[in-house]
Structure formats: C-alpha cells, structure tokens
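Fold and geometry: a report
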Amino acid sequence: MKPIYVLSSGLFFFMFSLTACHAADYIVTGATVPPVPLGKYHASGTPCDPKASREATAQLAYLAALSNGTKEGVLVGQNMGHGSQILDRAGFAGYEPLIGILERQTGELPAIIGLDYEHDQIFTAAELSSANAVLIAHAAKKGMVTINWAPHSPWLNDESDLANKHGTWADTRTINKDMSAIDLRLLLDPSSPYSAIWRKKLDRIATALQELQDAHVVVLWRPLQEMDGDWFWWGTRNAKYDPSLYIALWRDMFHYFTETKGLHNLLWVFSPTMQKTVSIGKLYPGAEYVDIVAPTTYQDDLIIGDVALLQQYNKVLGMGEFGSQSWRGWNDSSGSYSLRGTFDDTLFVRRLVNTYPSIAYWVSWHNWSNGDGTSEHQALVSNKNASALMNDERVITLSRLSW
C-alpha cells in the first residue's frame, strides 16, 4: 500500500490506497447510533453583531428554532466550488452541474447554496462579483447563502499582480510549501508589511460581501475553517503553542468587517474539524464573536463526533462540510463525467433527524479531481437516492423554507 494525498477544499486526508476496490463496496447504510439529546442546550437566536441587519436577525432566529426543536426538519445545502467556478456549465463544480441538474432530477432546490471566496485561487473583485450574481438570485427566492474563506498565505502572495499570479490551492496549505516564516502576530502588527497585505485581502473580500449586503443577502460567513487541524497555514501548526493568536485574528476580522467596513449581513460561523488536534475550546473566539458552530466531518457513517461538546456553546449548530470519506474516488480514465458516487444520500436526513436533532443544516461539498485520474463525488446530485432525499418532508429544501 502506498500513501496518497487527497484534498477537498476544506479537509486534508492522509490515507492509504487499497487494491481491488469495487463501487458496490461503498454503498453506505449507516450504523445505529444513540441520539444526542438536547439536554440543557439552547441555541441563541441573537446575533453576535449588535448591529446585525433585520434579515440576518430573522435568519438566525429561524436557524435557532431548528436547533432548539421548536421547528422541525433540517436544511439541505450544496457547495458549488470556489469563486467564479460557480458559473461553470459542466465539470466538478458550478451551479448548473451540481444544482441545475439536481432540480431537474428531483424537482427541488437546496435551501442553502454556497462557495468559497478563495482556496483554489485568489479571485479578483470582478470574478467575485460574477459569483455573487448567482448567490443574489438564490437569495431573491428566499434561499440562504453560505460563504467560506480559505485565504492564500500572505507570505506567498502579496496580491500585487492577480492577473498573472493568482496562486493555487497549495498556497493555503502547510504541505509542500515553506510556511516556516508564518507568524500570525505579524498580520495584526500595523508596522509589519504582512499586516498591509492582510488588510488588502480583507478589503477585497469586504467589497464582495458589501455587494451582497446591498442586495439584502444574509451570509453564513465561515472564514478560516478547520483551525484545529494542521493543514492550513492559520491552523494549529502555526498557532498550537499559542491558540490565542487564532482568536485574535478572528476577532480583528470581526471588528474590521463590522465596525470599519459596516458589514452587518454576516452570521459568523466557527468551523472546527472535530479531530481534536487541539482543544476546540482553546480556539473558540468567544460567544460575542460567533453565531453558529458548524464543523467539518467526512465519515461513511456520518458520525459527527462529540456533538454534546458543541452544544455547550449554546449556539446554532450546523455542518459546514458533511459527507462520506472522500478518499474513495472513481477512476475517470474514460473521460466521462457521468461516473457517479454510490453514497446513499438519504443517510443525511436519517442521521441528522434521528441522531443529531440539534443540527439545523448541513452543506454537501462539490465534486473534485484528485489530479491522478480519479475524482471524488461528494455532491448530492452525484450520489444515490438524491430524489428521495430532496423529497423527504423532513428535509427543508428551498420550496419548504420559511424564515
């Protein structure tokens, strides 16, 4: 067995390749797991931003009702890639291949759609604006929007020439890149040139978020995710000896966006991995800086982990990325995009309704190529029983959304 490295846009895996694997082996039915009771948990419906918009306040109250069980069901979400990839008409990401086809096959649209504003490359203001147009159209139908932000390292790209140097996904990682110079303190030191680069990045992102605010779009804002892992430059590899550095970076961004930039359409989503590389509590920015706790988990049985640990914060709970183990890919040597995954989509609702009733929503990730002739199929439309899932009355699709 040889080691392989498989990347999703949010999670890094080190696995071992297996031989003689067959598609039929990957159909998932789900283990029986005792339900996690609500107990003393009570999700707050009050935004951490005291000036949150009317729409943001209403949306958080609705999500809190789902987490608290005063409203029934769980919201379904679908990620569509990164930046302007949402405009792709075919391939692994994009609205049309992942959501347009899903609607035609099932008659339903996800309640939540989303993308990452960076990760695969640094997108220009114009590219982010083109992506925003799709998000605005979805929100105009009373749908919800989630945006991740996996920024490239300011030590690798100063954003002075995005036309010719827009970077790659590897610029977010600690592998195959020299990250030894990274010191999160420099991003918050006004005398440091890296602070100026960081502010430039924040300004570009704030401009895109402002466009959404102008269109009255609420954003489930999920920046700097998986901070308790060591694969992103802002993660524990660089903050493990002093987790307060990550907290300081988060809080500075919060104040800059809400106070300096006047962005009040954001619901702030804290998204650990549940792998406990370092205690989540040591990295939690604080109740006054977080609206939603929505971790990342990829497991074939959709076991999330210690949900009771998450409930202690009394915040709305979601799943920022949720799916099967992504190392189980398909061989795409035929060049055909029609090859499909074999995960049973209906496990999402069975697991969340029966085992984790405090989870208000989940987001399934997009498909991607591993760069070695194989690809991963995490999108709902690319797996089994998508129609049964989307037409289950316990699943809140766009047509059933009433916030």
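Along every chain, residues carry numbers that run from 1 in the direction the sequence is written. With pLDDT at 70 or above as the cut-off, local features in this predicted model cover only qualifying residues; side-chain atom pairs require 80 or more to be listed or tallied, and sums for whole chains, interfaces and linings still use all residues. In computing side-chain values, all of the structure's heavy atoms are included and hydrogens and water are not.

Focus: the pairing of strand 4 (residues 112-116)
Definition in use: Residue burial is assigned from relative accessible area. The probe radius is 1.4 Å, only protein chains are included, and a residue is buried under 20% of its type maximum, exposed over 50%, and partly exposed in between. Numbering goes from the N terminus for both helices and strands, where a helix is a DSSP run of H or I of at least four residues and a strand is a run of E of at least two. Two strands pair under a simple rule: DSSP has to find at least two bridges between them. We call a crossover right-handed when, viewed with both strands directed away from the observer, the connection leading from the first strand over the helix to the second proceeds clockwise.
Within strand 4, five of the five residues are buried, which leaves the element mostly enclosed by the surrounding structure. Going residue by residue along strand 4, you find Ile-112, Gly-114 and Asp-116 tucked away on one face and Ile-113 and Leu-115 tucked away on the opposite face as well. With four bridges joining them, strand 3 (residues 74-82) and strand 4 adopt parallel strand pairing. Across the sheet, Asn-79 pairs through a bridge with Gly-114, a residue of strand 4. In terms of handedness, the path from strand 3 via helix 2 (residues 95-106) over to strand 4 forms a crossover that is right-handed. Relative to strand 5 (residues 144-149), strand 4 is paired through five bridges, and the arrangement is parallel. Considered in strand 5, the bridge of Leu-115 is made with Ile-147. Following the chain from strand 4 across helix 3 (residues 125-140) to the adjacent parallel strand 5, one finds a crossover that is right-handed.

What to know about the confidence of the model for the protein chain
Operational definition: How sure the predictor is of each residue is captured by pLDDT, a score from 0 to 100. Whether two residues are in contact is decided by their heavy atoms, any of which lying within 4.5 Å being enough.
The share of residues in the protein chain with pLDDT of 70 or more is 87%, and the mean pLDDT across the chain is 88. This stretch, residues 1-28, has a pLDDT under 50; its non-local contacts, to residues over four places away or in other chains, come to 77 contacts.

So, the packing of aromatic side chains
The criterion, for reference: For Phe, Tyr and Trp, where Trp contributes only its six-membered ring, two rings pair if their centres lie within 6.5 Å, and the inter-plane angle classes them as stacked under 30 degrees, edge-to-face over 60, or tilted in between. Ring-over charges, as used throughout, are those where CZ of Arg or NZ of Lys falls within 6 Å of the ring centre and within 35 degrees of the ring normal.
Counted according to the given criterion, the structure contains 19 aromatic pairs. On the numbers, 6.3 Å between centres and 65° between planes, the contact of Trp-155 with Trp-233 is edge-to-face. Taken together, the residues Trp-155 in the loop between strand 5 and helix 4 (184-187) and Trp-233 in the loop between strand 6 (219-223) and helix 6 (236-239) connect sequence positions 78 residues apart. What makes Trp-155 buried here is its relative accessible area of 16%. Judged by its relative accessible area of 0%, Trp-233 is buried. One residue, Lys-142, lies across the ring of Trp-403, its end atom 4.6 Å from the ring centre. The residue whose ring lies beneath Arg-199 is Tyr-256, and the NZ or CZ to ring-centre distance is 4.3 Å.

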